[in-house]
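Listed below are the residues making up each chain.
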Amino acid sequence: MTLIKSISGIRGTIGGKVGTNLTPIDAVTFASAYGIWLKQQRNKEHYRVVVGRDARISGEMIQNLVMNTLVGLGIHVIDLGLSTTPTVEIAVPMEHADGGIILTASHNPKQWNALKLLNAKGEFLSGAEGAKILEIAESNSMIFSEVDNLGKITKNQAYIDLHIDAVLNLELVNKNAIEESGFKVVVDGVNSTGGIAIPLLLERLGVHVVKLYCEPNGHFPHNPEPLKEHLTDLSQAVVKEKADLGIVVDPDVDRLAFMDEHGDMFGEEYTLVACADYVLSKTPGNTVSNMSSTRALKDITEKHGGSYQASAVGEVNVVALMKETHAVIGGEGNGGIIYPESHYGRDALVGVALFLSLLAEKRMNVSALRASYPSYFMSKKKIELTPDLDVDAILKQMETKYAHETLTTIDGVKIDFANSWVHLRKSNTEPIIRVYTEAPTQQEADALADRIMGEIRSVS
């Protein structure tokens, strides 16, 4: 059981001891700190914050605590209820709000929840802004509004529909081609809000939808991280239904993965590769992903005449570099698509619409599309942290050991070999060291990861 405060927000497990878990008191403390930080940004009479949540079991409790804390600070709340992370992100500027909060622990299991914090643009806070909020939370000097100045809560459950409208209005979304293709798609909504939003979007695109785990009750039927080993039911359903593809999202719908017509994974890393291929074919330009993402994006970008750059891990870092390089698309290799024509946030709805547009225009099946891209294989492993592990010292030792290779140290240690790479970093969202590798074959990627993990254990 744990509480993690990082660039990705405040997340922890429900229940347990104050200060070491995400208890009601911790939720109120961090919501208060955010509200006070928000009021420090500009001097005005009324402040507004958009709040939404995924379907996890603790969501309603945490949302009510957070909303009423903001009310106690004199902040008006627009309550989206069950929503998605990208839906809240687009709602903030549409509502002319001062910020937003999403209650979700993304891919973490059901015992976790979190407060993801947004600025007035509907984008995640910077590291410096997050640090200021943590400082306010620890100061214990928060002042609340008097009775005549309390905020109000207004419900608005139209935003998933408004989000879908915005996606369908994107110039590159080829609605006619998708509808004419007559796609049949199985959707695994992991019993969260993707089970609401993704089928609605697909139906608007004229797609025949088969729903799997689309009841938003928060009882995740499998580990909610959209990885191959968790998706056997989806694989079987795609084959049984003779579907063109399968779609799976994480509980808050900012990560997206596809399955081909044979029930095989398209590859979470290749979600961004395919969407970028489509966007770059229409609007040439630059791309960005994080350092733990596949080299295939660089290959595709250069094929279209653009340049590729890698940022530190974390959506806020990807977005900052995208803005700096005027990237036309970017994201993360975990299936996160960031398309600035829509908004600067990972958005599975945008990813679905772009991917289906590509598939419809190319008139090929999903397995053939995957075979058309450069083939790399990744291994994503992790080492559980224990109190006696000195992560910084371990990373420094690995950096020294591989000083003769190409190294990048803006986020942990990335070692680039001639035909492969390994990225070692402490997770922002879990008490682990992530060990990501990529190589020309799965066997080489796994072997490299195992070798590096053995070396880490020998020096720890």
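Worth saying up front: this structure is predicted, and the values here are computed from it rather than measured.

The helix and strand tally for the protein chain stands at 15 helices and 20 strands. For the protein chain, whose C-alpha radius of gyration is 22 Å, the value lies close to the compact-globule estimate of 23 Å for 460 residues. Within the protein chain, the proportion of its 460 residues that are buried is 58%. Looking at the protein chain alone, contacts between residues at least 24 apart form 68% of all its contacts between residues at least 6 apart. Charge separation in the protein chain, taken as the distance between the mean sites of 43 positive and 58 negative side-chain charges, equals 1 Å.

With that settled, consider the sheet that holds strand 9 (residues 208-212). One open sheet accounts for four strands, arranged 9-8-10-11; its pairing is mixed. The sheet is open, and its two edges are formed by strand 9 and strand 11 (256-259), each paired on a single side. Between one strand axis and the next, the sheet turns by 25° as a mean value, whatever way the strands run. Here strand 8 (residues 184-188) pairs with strand 10 (residues 245-249) via four bridges, running parallel. Directly across from Val186, in strand 10, lies its bridge partner Gly246. Sitting on the sheet, helix 12 (residues 348-362) is in contact with strand 10 and strand 11, with an inclination near 35° to strand 11.

As a further point, take the pairing of strand 8. Along strand 8, four of the five residues are buried, which leaves the element largely enclosed by surrounding structure. Here strand 8 runs beside strand 9; their pairing, made up of five bridges, is parallel. Paired with Lys184 across the bridge in strand 9 is His208. Read as a crossover between parallel neighbours, the route from strand 8 over helix 7 (residues 194-204) to strand 9 is right-handed.

Moving on: the environment of Ala403. With respect to the secondary-structure elements, Ala403 resides in the loop between helix 14 (391-401) and strand 17 (406-408). Among the residues examined, Ala403 registers a relative accessible area of 53% and is labelled exposed. Distance in space between the C-alpha atoms of Ala403 and Ile415 is 8.9 Å, their sequence separation being twelve residues.

In terms of nonpolar packing, the biggest core is built from 58 residues, with Leu202, Phe355 and Leu356 touching the most fellow members. A total of eleven residues in this core trace back to one element, the largest contributor, which is helix 12. Residue contacts for Leu202: discarding those within four places in its chain leaves Val185, Val187, Val207, Val209, Ile247, Val352 and Leu356. Counting 31 residues, the second-largest nonpolar core is a separate cluster that includes Leu3, Ile36, Tyr47 and Met142.

Another aspect to go through is the sheet that holds strand 15 (residues 336-338). Within a sheet, each strand pairs with its neighbour through backbone hydrogen bonds, oriented either parallel or antiparallel. Across the sheet, four strands lie side by side as 13-12-14-15; this open sheet has mixed pairing. Every other strand in the sheet has two partners, leaving strand 13 (308-311) and strand 15 as the edge strands with one partner each. In this sheet, neighbouring strand axes are inclined to one another by 20° on average, regardless of whether the strands run parallel or antiparallel. Pairing geometry for strand 14 (residues 327-332) and strand 15, over three bridges, is antiparallel. Paired with Gly331 across the two strands is Ile337, which belongs to strand 15.

In this section: the pattern of salt bridges. Across all of its chains, the model carries 27 salt bridges by this definition. Of the charged contacts in the structure, one is a salt bridge between Lys282 and Glu361, with a shortest N-O distance of 2.8 Å. A residue pair is termed long-range when its members are at least 10 positions apart, and Lys282 in helix 9 (residues 268-282) and Glu361 in helix 12 qualify at 79 residues. You can call Glu361 partly exposed: its relative accessible area is 33%. A salt bridge links Arg295 to Asp416, with the nearest nitrogen and oxygen atoms 3.1 Å apart. Within this pair, whereas Arg295 is found in the loop between strand 12 (286-290) and helix 10 (296-303), its partner Asp416 is found in strand 18 (residues 413-416), the two being separated by 121 residues in sequence. Exposure remark for Arg295: the relative accessible area of 22% places this residue in the partly exposed category.

As a packed pair, helix 1 (residues 24-41) and helix 2 (residues 59-72) sit with axes 9 Å apart at the nearest point and diverge in direction by 40°. Judged by the angle between their axes, helix 1 and helix 2 are oblique. Crossing of helix 1 against helix 2: the hand is right-handed. From helix 1, Pro24, Ala27, Val28, Ala31, Ser32 and Gly35 reach across to helix 2, where they touch Ile62, Leu65, Val66, Thr69 and Leu70.

The rules behind each value
Residues numbered from 1 in each chain as written. Predicted model: local features only at pLDDT ≥ 70, side-chain atom pairs only at ≥ 80, totals over all residues. Heavy atoms only, no water. Helix = DSSP H or I, 4+ residues; strand = E, 2+ residues; numbered from the N terminus. Rg over C-alpha atoms; globule rule 2.2 N^0.38 Å. Buried < 20%, exposed > 50% of the residue type's maximum accessible area, 1.4 Å probe, protein only. Contact = heavy atoms within 4.5 Å. Lys, Arg positive; Asp, Glu negative; His and termini not counted. Charge placed at Lys NZ, Arg CZ, Asp CG, Glu CD. Pairing = 2+ DSSP bridges. Axes fitted to C-alpha atoms, helices over the stretch in contact; angles between N-to-C directions. Right-handed = clockwise from strand over helix to strand, strands pointing away. Core = buried A, V, L, I, M, F, W, Y, C linked by side-chain atoms within 4.5 Å. Salt bridge = Lys/Arg side-chain N within 4 Å of Asp/Glu carboxyl O. Parallel < 35°, antiparallel > 145°, perpendicular 65-115°, else oblique. Left-handed = near helix turned anticlockwise from the far one by under 90°.

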